[in-house]
Amino acid sequence: AATEEERDLTDGFHLVIDALKLNGIETIYGVPGIPITDLGRMCQEEGIRVVSFRHEQNAGNAAAIAGFLTKKPGICLTVSAPGFLNGLTALANATTNCFPMILISGSSEREIVDLQQGDYEEMDQLAIAKPLCKAAFRVLHAEDIGIGVARAIRAACSGRPGGVYLDLPAKLFGQVLDAEKGAQSLVKVIDPAPEQLPAPAAVKRAMDVLKGAKKPLIILGKGAAYAQADDDIRAFVEKSGIPFLQMSMAKGLLPDNHPQSAGAARSLALLESDVVVLVGARLNWLLSHGKGKQWGPAGSKKFIQIDIEPKEMDSNVEIAAPLVGDIGSCVKALLSGIDGKWEAPSAEWTGAISAKKDANIAKMASRLMKNSSPMDFHSALGALKTVIAERPDAILVNEGANTLDLARGVIDMYQPRKRLDVGTWGVMGIGMGFAIAAAVETGKPVLAVEGDSAFGFSGMEVETICRYNLPVCIVIFNNNGIYRGTDKDPTGRDPGTTVFVENARYDKMMEAFGGVGVNVTTPDELKRAVDEAMDSGKPTLINAVIDPAAGSESGNIGSLNPQSVVKKK
Ligand code: ADP
Ligand code: MG
């Protein structure tokens, strides 16, 4: 028998790495520090790509969007307590958006944490993570690492995807195990997101409702984009002839310039439709909860909803035909009902949408073509709309207030999963994390269109972009502030609460790290600078000077800003 020294040993570090690799994890996003510094080094040594960020929230956002793009859980690795909390915002955001992600955090010693004896970065992380994610696990023994990682992966991917927290106390990493026993303890997750077929009766019910429609409408959400059932979704839309709307991150599932797109006639389509097929889109605030002014009189609509999460049904209004299952299977089932007996929607309905759409597009066109200086949002976006039309496989990341609201409508998308934005929470700060992961996961050029305020939440990651030499072109719509750059402190003491340093030169930030910085003041200059960046693949930041008076305040259309009665006196 071999002596202790001769026996082949493994430890917690290597078991974590082996478990991730066994399950096809190729990239980790994180910030190094105690107690996971060596884990990162060893990951790199063992061939896992490690992308080290400057702040955990950005690493977490990167992991989340990697999950959306690949259907595999994106991994974020952080230190204990503060690093964990920074990553937790991204984990909660991933869960809200239904993106599969695993936040792995090192943590302090259980014995000391539980007795609250004041350990280094002491915090009961598992308890804190639990209400903010889909599932949370802690591994105390090296022989349980395999099952812990497997449970985290399955929890993140199966059913409605979401964020999972995996707590790995510092002591675990050094625990030693016989190598053979260690290898046997690893678990490969078989079929992490199994197909879930809709019940035949539910399919029949849905087809009956759909066949009774006079003015049907399909709404595609980011769940449909996530599902990667692109061909079946397109076939269902085209064979049925039903007009469609695409939610922001679903844009490009079918090209926005598709003849059946009702995008530019959104209000009319929502108001007048009588049967609405929701495909991976929730009736949350982004769809005015499926009721009210936008949707017309109560009871004037029937909803067919496809979702993998049964609890989503009837969340806001009655769902006449719930279709619970994975989007691929559900859409296939509906597609087979679009047979010889199917009657396409009337020309009256599709014609009304087309007429409205053509009128709106024509109205917008002149605003997009102005070659003005200073630029306003529309003239700057006109240039970027052309960039994406010419480079449909580029990935567009978008956040801001006006920069988001207007870009969503103006910039047409042509391919699935090319538009990444603020999602369900409308959160600012996803920009650089999303841009980095998009470049790393897809190898495609990335165009990040950022409000100057939005950029500030993750701006330090321009160093990360330069360090990894990623093909990311950031365009900052710089209007000197949030919404506008014109607010004043009524007392005259300080700058207004929503303004920044005037005429700031964000392009200089990029130059500090060896990237390309460009300052532009006209749409032509903007277009030229973006083209050059996208052709060269060099990390680039373009400071696009926008008229500080051009923006409008967001939150007012949906009455999201509370009003002070006293102020109005
Ligand atoms: P959007 O904001 O674009 O409207 P939402 O995030 O509101 O999209 O809705 C996405 C929906 O898609 C969620 O309710 C989620 O449960 C569902 N979903 C995600 N993946 C799948 C899938 N593979 N099959 C079915 N439904 C899915
Ligand atoms: Mg601004």
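Residues numbered from 1 in each chain as written. Chains lettered and ligands numbered in written order. Predicted model: local features only at pLDDT ≥ 70, side-chain atom pairs only at ≥ 80, totals over all residues. Heavy atoms only, no water.

Colleague: Can you lay out the packing of aromatic side chains for me, pointing to particular residues and giving the numbers?
Modeller: According to the stated counting rule, one finds eight aromatic pairs in the structure shown. Ring centres 6.2 Å apart and planes at 65° place the aromatic pair Tyr-29 and Phe-53 in the edge-to-face group. Within this pair, whereas Tyr-29 is found in strand 2 (residues 27-30), its partner Phe-53 is found in the loop between strand 3 (49-52) and helix 3 (56-70), the two being separated by 24 residues in sequence. Exposure class is identical for Tyr-29 and Phe-53. Each is buried. Consider the rings of Phe-455 and Tyr-506, whose centres lie 5.9 Å apart with planes at 90°: the pair is edge-to-face. Of this pair, Phe-455 sits in helix 19 (residues 452-456) while Tyr-506 sits in the loop between strand 17 (472-478) and helix 21 (507-512), and the two are 51 residues apart along the sequence. Under the relative-accessibility criterion, Tyr-506 is labelled buried at 14%. (Phe/Tyr/Trp six-rings, centres within 6.5 Å; stacked < 30°, edge-to-face > 60°. Helix = DSSP H or I, 4+ residues; strand = E, 2+ residues; numbered from the N terminus. Buried < 20%, exposed > 50% of the residue type's maximum accessible area, 1.4 Å probe, protein only.)

Colleague: Tell me what's going on with the site of ligand 1, and back it up with residues and numbers.
Modeller: The local shell around ligand 1 holds 19 residues, among which Arg-160, Lys-222, Arg-282, Asp-307 and Ile-327 are the closest. Here Gly-280 contributes a backbone N or O atom positioned 3.2 Å from an oxygen atom of ligand 1. A distance of 2.5 Å separates an oxygen atom of ligand 1 from a polar atom in the side chain of Asp-307. Top element by residues in the shell around ligand 1 is helix 11 (residues 222-227). It accounts for four residues. The residue makeup of the shell around ligand 1, split by class, is eight nonpolar, six polar and five charged. (Near = heavy atom within 4 Å. Polar contact = N/O pair within 3.5 Å; in protein donor to acceptor, adjacent residues only side chain to side chain. Nonpolar A, V, L, I, M, F, W, Y, C, P; charged D, E, K, R; others polar.)

Colleague: Account for the pattern of salt bridges, with residues named and values stated.
Modeller: Across all of its chains, the model carries 26 salt bridges by this definition. Ionic pairing is found between Lys-311 and Glu-309, a salt bridge with its closest N-O pair at 3.8 Å. When its relative accessible area of 70% is taken as the criterion, Lys-311 is described as exposed. The partner of Asp-531 in a salt bridge is Arg-391, and the shortest N-O contact between them spans 3.1 Å. Linking Asp-531 in helix 22 (residues 523-536) with Arg-391 in the loop between helix 16 (377-390) and strand 14 (395-399), this pair joins segments that are 140 residues apart in sequence. (Salt bridge = Lys/Arg side-chain N within 4 Å of Asp/Glu carboxyl O.)

Colleague: An account of the confidence of the model for the protein is requested, with residue identities and associated values reported.
Modeller: When pLDDT is averaged along the protein, the result is 96; 98% of the residues meet or exceed 70. ipTM for the predicted complex: 0.95, alongside a pTM of 0.97. (pLDDT = per-residue confidence, 0-100.)

Colleague: Give a detailed account of helix 10 (residues 200-211), specifying residues and quantitative values.
Modeller: Between its first and last C-alpha atoms helix 10 spans 16 Å; for twelve residues at 1.5 Å apiece the expected length is 16 Å, and the two agree. When we look at burial in helix 10, the residues that qualify are Ala-202, Val-203, Ala-206, Met-207, Val-209 and Leu-210. Buried positions in helix 10, seen along its axis, are confined to an arc of 160° and lie on one side of it. Opposite the packed face of helix 10, turned more than 90 degrees from it, sit the exposed residues Pro-200, Ala-201 and Lys-204. In this structure, the buried residues of helix 10 make contact with strand 9 (216-220), helix 12 (230-240), strand 11 (275-279), strand 12 (302-307), strand 13 (321-324) and helix 14 (327-337). (Expected span 1.5 Å × (residues − 1). Arc of directions from axis to C-beta. Contact = heavy atoms within 4.5 Å.)

Colleague: How would you summarise the packing of helix 1 (residues 12-22) against helix 7 (residues 145-157) if you had to cite specific residues and measurements?
Modeller: One can describe the packing of helix 1 onto helix 7 by two numbers: an axis separation of 9 Å at closest approach and a directional angle of 40°. With respect to helix 7, the element helix 1 is oriented oblique. Helix-helix and strand crossings are classified by hand; for helix 1 and helix 7 the assignment is right-handed. Counted together, Gly-12, Leu-15, Val-16, Ala-19 and Leu-20 of helix 1 and Ile-145, Gly-146 and Val-149 of helix 7 form the full contact between these two elements. Grouping the amino acids of the contact of helix 1 with helix 7 by side-chain chemistry returns six nonpolar, two polar and no charged. (Axes fitted to C-alpha atoms, helices over the stretch in contact; angles between N-to-C directions. Parallel < 35°, antiparallel > 145°, perpendicular 65-115°, else oblique. Left-handed = near helix turned anticlockwise from the far one by under 90°.)

Colleague: Account for helix 7, naming residues and giving values.
Modeller: When the terminal C-alpha atoms of helix 7 are compared, their 18 Å separation across 13 residues agrees well with the 18 Å that a helix rising 1.5 Å per residue should span. In terms of residue burial, helix 7 counts as a mostly covered element, since ten of its 13 residues are buried. Regarding helix 7, the residues found buried are Ile-145, Gly-146, Gly-148, Val-149, Ala-150, Ala-152, Ile-153, Ala-155, Ala-156 and Cys-157. Those residues of helix 7 that are buried are in contact with helix 1, strand 5 (101-107), strand 6 (135-138), strand 7 (163-169), helix 8 (170-174) and helix 9 (179-185). Gly-159 lies just past helix 7 and shows a positive phi near 55°.

Colleague: Give a detailed account of the sheet that holds strand 12, specifying residues and quantitative values.
Modeller: A sheet is described by the order of its strands in space; here five strands give the open sequence 10-9-11-12-13, paired in parallel fashion. Each of the sheet's edge strands pairs with one partner strand only, and the pair in question is strand 10 (244-246) and strand 13. Adjacent strand axes in the sheet meet at a mean angle of 15° when their direction is disregarded. Pairing of strand 9 with strand 10 involves three bridges; the strand directions are parallel. (Pairing = 2+ DSSP bridges.)

Colleague: Please give an account of the side chain of Asn-284 that cites residues and values.
Modeller: Looking at the element boundaries, Asn-284 is found in the loop between strand 11 and strand 12. Residue Asn-284 is classed as buried on the basis of its relative accessible area of 16%. Residues within four places of Asn-284 in sequence aside, it is in contact with His-289, Asn-316 and Thr-424.

Colleague: Just give me the short version of the state of the cysteines, but keep the residues and values in it.
Modeller: Scanning the model with the defined rule gives zero disulfides in all. The thiol of Cys-157 is not disulfide-bonded; the next cysteine sulfur, from Cys-98, is found 13 Å away. When its relative accessible area of 4% is taken as the criterion, Cys-157 is described as buried. (Disulfide = S-S within 2.5 Å.)

Colleague: Summarise empty space enclosed by the protein; cite the residues concerned and give the values.
Modeller: Throughout the structure, instances matching the rule amount to two cavities of 30 Å³ or more. Empty space within the largest cavity amounts to approximately 50 Å³. If you go around the largest cavity, the residues you meet are Gln-57, Asn-61, Thr-89, Ala-90, Asn-93, Val-427, Met-428, Gly-429 and Ile-430. When residues of the lining of the largest cavity are traced back to their parent elements, those giving at least two are helix 3 and helix 4 (81-97). No other element matches the three residues that helix 4 contributes to the lining of the largest cavity. Its residues placed into classes, the lining of the largest cavity shows four nonpolar, five polar and no charged. The space that makes up the second largest cavity amounts to roughly 30 Å³. (1 Å grid on protein atoms, 1.4 Å probe; cavity = no way out; pocket = protein on both sides within 12 Å on 5 of 7 lines; lining within 4 Å. Points joined across faces, edges and corners; volume = space filled by probe spheres on them.)

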